[in-house]
Amino acid sequence: MSYSLAGKKVLVTGASSGIGAALAEGFAERGAVVGICARREDRLRDVLERLRAHSPGSRSWVVDLSELDGIESFARRADDELDGIDVLVNNAGVPKRRSVTELSPDVVDAVMAINYSSPVRLTLALLPGLINRGGRIVNISSVAARLGPGTEAAYAASKAALTAWSEAMCVDLADTDVKVHVVNPGIIDTELFRLPDNDEPIADMSMALPVDAIVQPVVEQLDSGTFEIYVPEWFRDVVAGKVADPDAFLQGSIEYLRSRGVAG
Ligand SMILES: NC(=O)c1ccc[n+]([C@@H]2O[C@H](COP(=O)([O-])OP(=O)(O)OC[C@H]3O[C@@H](n4cnc5c(N)ncnc54)[C@H](OP(=O)(O)O)[C@@H]3O)[C@@H](O)[C@H]2O)c1
């Protein structure tokens, strides 16, 4: 299987920074017409300027995707203005690094809204067109979906929901030409680790990859049709170890947190 991005209409959510901006630029460099959206207008403008250097038809929309009631009309607008979306990249998301003892129901619901409900609504709104065009759905999940790291209960659960949704959707769409993909970034150096209202990351940031490292693996994933990838790839082995012995894995997680000075 091979998949050419040239001439494809791609919508990347959350592309004002980080992984979304890097993917949008990578797709534009490969000839795609890219639509980007997020809340920060100034940052979107900078990204759009870079996209248009490769792909003049690219465009942007300022939208808050946590406002779930507005998603259907945004989907219609983006689909109309791009003249039919071929590839939907659900990337917009927020972290929540906070121990479960410090979480309120409102915070958990807010994380779920942007990380899970918003991509689900956008997907459902665009699905008929994606089925007609044999399109692609790329859901940017997380290694947290498979590993349930400490201090990230709200975040990990929202990403696990997105991954489970993606798996079931992949099966449901087997008789269509749509392909569903899940991307599990590990530690990619973005603003996600520096946002306010979050505890310090427990991840070892010295291992973080530069943001551009995400582009080629996703391009190859589209090409091969692979359902799930990890970036970096070694997280696949960590997940396999967890599945083989969850008790040992959770004990290891507790010891890791204690070694980082976080109560386990
Ligand atoms: N970096 C990593 O190591 C890592 C690991 C696992 C998963 N991920 C996932 O990768 C995705 C991108 O994150 P990133 O690391 O690139 O961090 P980032 O630079 O903070 O990017 C997050 C993007 O989402 C947008 N966004 C957040 N809330 C939004 C809202 N309510 N409406 C519209 N857009 C919204 C942000 O734009 P505005 O603020 O302008 O709205 C920004 O463009 C996220 O889903 C994240 O969970 C990242």
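This text goes with the structure placed above it.
What comes next is a walk through the structure. (Residues numbered from 1 in each chain as written. Predicted model: local features only at pLDDT ≥ 70, side-chain atom pairs only at ≥ 80, totals over all residues. Heavy atoms only, no water.)

When helices and strands are tallied, the protein shows 9 helices and 7 strands. In terms of principal-axis extent, the alpha carbons of the protein reach across some 50 × 40 × 35 Å. Looking at the protein residue by residue over its 264 residues, the buried ones come to 48%. Looking at the protein alone, contacts between residues at least 24 apart form 71% of all its contacts between residues at least 6 apart. A total accessible area of about 12200 Å² is found for the protein, and carbon and sulfur atoms account for 51% of it. Placing the 26 positive and 38 negative side-chain charges of the protein at their respective mean positions leaves the two points 3 Å apart. (Helix = DSSP H or I, 4+ residues; strand = E, 2+ residues; numbered from the N terminus. Buried < 20%, exposed > 50% of the residue type's maximum accessible area, 1.4 Å probe, protein only. Contact = heavy atoms within 4.5 Å. Areas by Shrake-Rupley, 256 points an atom, 1.4 Å probe, with all protein chains shown as cover. Lys, Arg positive; Asp, Glu negative; His and termini not counted. Charge placed at Lys NZ, Arg CZ, Asp CG, Glu CD.)

Strands sit in the order E3-E2-E1-E4-E5-E6-E7 across an open sheet of 7 strands; the sheet is parallel. The sheet terminates laterally at strand E3 (59–62) and strand E7 (228–231), the two strands that pair on one side only. Taken pair by pair, the neighbouring strands of this sheet meet at an average axis angle of 15 degrees, ignoring direction. Pairing geometry for strand E1 (residues 9–13) and strand E4 (residues 87–90), over 3 bridges, is parallel. Paired with Val 12 across the two strands is Val 89, which belongs to E4. This element, helix H2 (residues 41–54), spans strand E2 (33–38) and E3 of the sheet and lies at about 170 degrees to E2. (Pairing = 2+ DSSP bridges. Axes fitted to C-alpha atoms, helices over the stretch in contact; angles between N-to-C directions.)

Our focus in this paragraph is the site of the ligand. Within the structure, the ligand sits among 31 residues, and Ile 19, Arg 39, Asn 91, Tyr 155 and Thr 190 are positioned closest to it. Side-chain polar atom of Arg 39 to an oxygen atom of the ligand: 2.7 Å apart, as the coordinates give it. With the chains in place, 97% of the 880 Å² that the ligand exposes on its own is no longer accessible. Grouping the constituent residues of the shell around the ligand by class yields 15 nonpolar, 11 polar and 5 charged. (Near = heavy atom within 4 Å. Polar contact = N/O pair within 3.5 Å; in protein donor to acceptor, adjacent residues only side chain to side chain. Nonpolar A, V, L, I, M, F, W, Y, C, P; charged D, E, K, R; others polar.)

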